[in-house]
Amino acid sequence: MALLLFGLMFVLMLAGIPIAFSIAIATAGFLVLTGSGSLLLLAQRFFLGMDSFVLLAVPLFVMTGFLMDQCGLSKRLIDWVECIFGRIRGSVGVVTIVSCAIFAALVGSGPATIAAIGALMIPALRQSGYREETSAGLVAAGGALGPIIPPSVGMIVYGSTMNLSIPKMFMSAIIPGLMMVFGLIAVNMIIVKKENIPPSEKQFTAKEKLVRTWRALPALLLPLIILGGIYGGIFTPTEAAVVSVVYGMLVGFCLKELSLGKLRKTMVSTIETSAMITLILGVSNLFGWILAYAKIPQTLAALVIPIVRTKFIYLIVLCLLMLIVGALMETLTSIVILAPILAPIGIELGIDPLIVGMVFCLSLIIGVVTPPFGVNLFTVASTTGLSFRRVVSGAAPFILSLIVVVFVIAIFPQILMFLPNLLMK
């Protein structure tokens, strides 16, 4: 039965049918050919997959990201980070990385982070002495922080698909996110020393620092409001998303950066993005139900557990597999298809579901910047005009640092449990 389901699905994908529709049609074909149930189940399961209070957070966080971008807060963030790190050698690279990390906490999207930060920082990197390839590669790798540092749409989808606590996933992602930031900064420092890039000559007075901090304050407060409210028990992730949208609109109108025209553009972009995500979520419930009905996860677990005998081997194999999948497939689709199959195997081995989920998500998300099909690499190549090969060559050392962090997490998974155990008892 598993061969029939996956065979139909991959044939449809190869025929060029969108992945969500390929999964739905394959599921319908499976029901018809095996006589497993009425086609009415398709509609019921599809709408059940979208009928979730938690999933309301997805379009709301997406809208928050678009609002922050329309309000020009990316430029304010970069100006603030520049005045803090401006005298460090290789400071422009550090500013780029830290700006990506902070903007990621507002947007949660790799391509959006690249678009907002890359447009401003790639020319600055070039003027500071960085090679074109290095400049593009640094921004591509920094964009991978977007879906990792909470709030993360990918983690919301995984949590809702696998019935895992989303606040715990957000909390668990903070330390890996910071490790990746420091890993990218370390690689930047090595490149700066190797290529003898001079330190910045810009100097900022105390008054300029205060002014830039004040201007960036609305953006800096948003992650604190969202995450502080969630972890403090003041509101749920969904309610936090509502607060973030209201806050973004108030900031935009108070700064006179958000007009009705920009608000309309923001809402249209939100609807287009959210419709795609919601369709995938509806199909994910349908697909998960079919997998459970056919007992495919249990069958695979029985086959794999005798081979992958220890928790350590499972986590390493999961890392390798998700890095490959992330480079080949879209992140949310990969979660929908693979999480219900692979996660139960790790849980059956006795690994905490939170550790399984975080290793799964972190490894998968890093795939967005891994060749041959990493979406961040193509995004940077298209925005800079550089060839894909040159972007990959510039990004290679930064990609390696991200992969090293993911494997460190897999080898020492206790890192993932530290903050949830400390703050969410």
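All of these numbers come straight from a predicted model, not from anything done at the bench. (Residues numbered from 1 in each chain as written. Predicted model: local features only at pLDDT ≥ 70, side-chain atom pairs only at ≥ 80, totals over all residues. Heavy atoms only, no water.)

J.: I keep staring at the overall build of the protein and nothing clicks. Help me out?
T.: When helices and strands are counted, the protein shows 20 helices and 0 strands. Burial status across the protein gives 55% buried among its 425 residues. Across the protein, every contact between residues at least 6 apart in sequence was considered, and the portion connecting residues at least 24 apart equals 79%. Accessible surface for the protein amounts to roughly 18400 Å². Of this, 70% is attributable to carbon and sulfur atoms. (Helix = DSSP H or I, 4+ residues; strand = E, 2+ residues; numbered from the N terminus. Buried < 20%, exposed > 50% of the residue type's maximum accessible area, 1.4 Å probe, protein only. Contact = heavy atoms within 4.5 Å. Areas by Shrake-Rupley, 256 points an atom, 1.4 Å probe, with all protein chains shown as cover.)

J.: Before we go on, may I ask you to explain the packing of aromatic side chains in this structure?
T.: Here the distance between the centres and the angle between the planes together describe a pair of aromatic rings. Counting across every chain of the model gives 1 aromatic pair. Relative to Phe360, the ring of Tyr158 has its centre 5.5 Å away and its plane inclined at 45 degrees; by these criteria the two rings are tilted. Taken together, the residues span a long stretch of sequence, with Tyr158 in helix H9 (residues 153–162) and Phe360 in helix H17 (residues 353–366) at a distance of 202 residues. Neither residue differs from the other here; Tyr158 and Phe360 are each classed as buried. (Phe/Tyr/Trp six-rings, centres within 6.5 Å; stacked < 30°, edge-to-face > 60°.)

J.: What am I meant to see in unusual backbone geometry here?
T.: Excluding glycine, residues mostly carry a negative phi; peptide bonds, for their part, are mostly trans. Residues other than glycine seldom take positive phi values, yet Asn163 does so here, at roughly 55 degrees. We note that Lys256 has phi near 60 degrees; this positive angle belongs to a residue other than glycine. Relative to the assigned elements, Lys256 resides in the loop between helix H12 (237–254) and helix H13 (260–293). Residue Lys256 is classed as exposed on the basis of its relative accessible area, which comes to 76%.

J.: Got a minute to help me understand helix H4 (residues 57–70) in this structure?
T.: For an α-helix, 3.6 residues make a turn, and residues three or four places apart therefore share a direction. The first and last C-alpha atoms of H4 sit 20 Å apart over 14 residues, in line with the 20 Å expected at 1.5 Å per residue. In terms of burial, H4 is a largely internal element, 10 of the 14 residues being buried. Of the positions making up H4, those classed as buried are Ala57, Val58, Phe61, Val62, Met63, Thr64, Gly65, Leu67, Met68 and Gln70. Positive phi shows up at Gly72, right after H4, with a value of about 75 degrees. (Expected span 1.5 Å × (residues − 1).)

J.: How should I be thinking about the confidence of the model for the protein in this particular structure?
T.: Predicted coordinates in areas of low pLDDT are best not read in detail. Looking at the protein as a whole, the pLDDT averages 81, with 88% of positions reaching at least 70. Per-element confidence in the protein is highest for H17, whose mean pLDDT is 92, and lowest for helix H14 (residues 296–304), whose mean pLDDT is 67. (pLDDT = per-residue confidence, 0-100.)

J.: For this particular structure, what's the right way to read helix H8 (residues 132–143)?
T.: The end-to-end C-alpha separation of H8 is 17 Å, in line with the 16 Å expected for 12 residues at 1.5 Å each. Burial runs high along H8: 11 of the 12 residues are buried. The set of residues buried in H8 consists of Glu133, Thr134, Ser135, Ala136, Gly137, Leu138, Val139, Ala140, Ala141, Gly142 and Gly143.

J.: Help me understand the packing of helix H11 (residues 206–231) against H12 in this model?
T.: Geometrically, a packed helix pair is captured by the angle between its two axes and the distance between the axes. Where H11 meets H12, the closest approach of the two axes is 9 Å, and the angle between their N-to-C directions is 165 degrees. Comparing the axis directions of H11 and H12 gives the class roughly antiparallel. Judged by the twist between their axes, the crossing of H11 over H12 is right-handed. Residues Leu217, Pro218, Leu221, Leu222, Ile225, Ile226 and Ile230 of H11 touch H12, and the partners they reach there are Pro237, Ala240, Val243, Ser244, Tyr247 and Val251. Residues of the contact of H11 with H12, tallied by class, amount to 12 nonpolar, 1 polar and no charged. (Axes fitted to C-alpha atoms, helices over the stretch in contact; angles between N-to-C directions. Parallel < 35°, antiparallel > 145°, perpendicular 65-115°, else oblique. Left-handed = near helix turned anticlockwise from the far one by under 90°. Nonpolar A, V, L, I, M, F, W, Y, C, P; charged D, E, K, R; others polar.)

J.: Would you explain the pattern of salt bridges in this entry?
T.: Tallying each qualifying case throughout the model produces 4 salt bridges. Notably, a salt bridge pairs Arg390 with Glu133, separated by 3.0 Å at the nearest N-O pair. Of the two residues, Arg390 is situated in helix H19 (residues 388–411) and Glu133 in helix H8; the sequence distance between them amounts to 257 residues. Assessed through its relative accessible area of 24%, Arg390 is described here as partly exposed. (Salt bridge = Lys/Arg side-chain N within 4 Å of Asp/Glu carboxyl O.)

J.: Sorry, what's going on with the side chain of Ser172 here?
T.: With respect to the element layout, Ser172 can be found in helix H10 (residues 166–195). Here Ser172 falls in the buried class, since its relative accessible area comes to 1%. A polar side-chain atom of Ser172 sits 2.7 Å from the main-chain carbonyl oxygen of Leu416. (Polar contact = N/O pair within 3.5 Å; in protein donor to acceptor, adjacent residues only side chain to side chain.)

J.: Looking at this structure, how should I read the environment of Met169?
T.: Inspection of the secondary structure assignment puts Met169 in helix H10. Excluding residues within four positions of it along the chain, Met169 makes contact with Met155, Tyr158, Gly159, Leu164, Leu354, Gly357, Met358 and Cys361.

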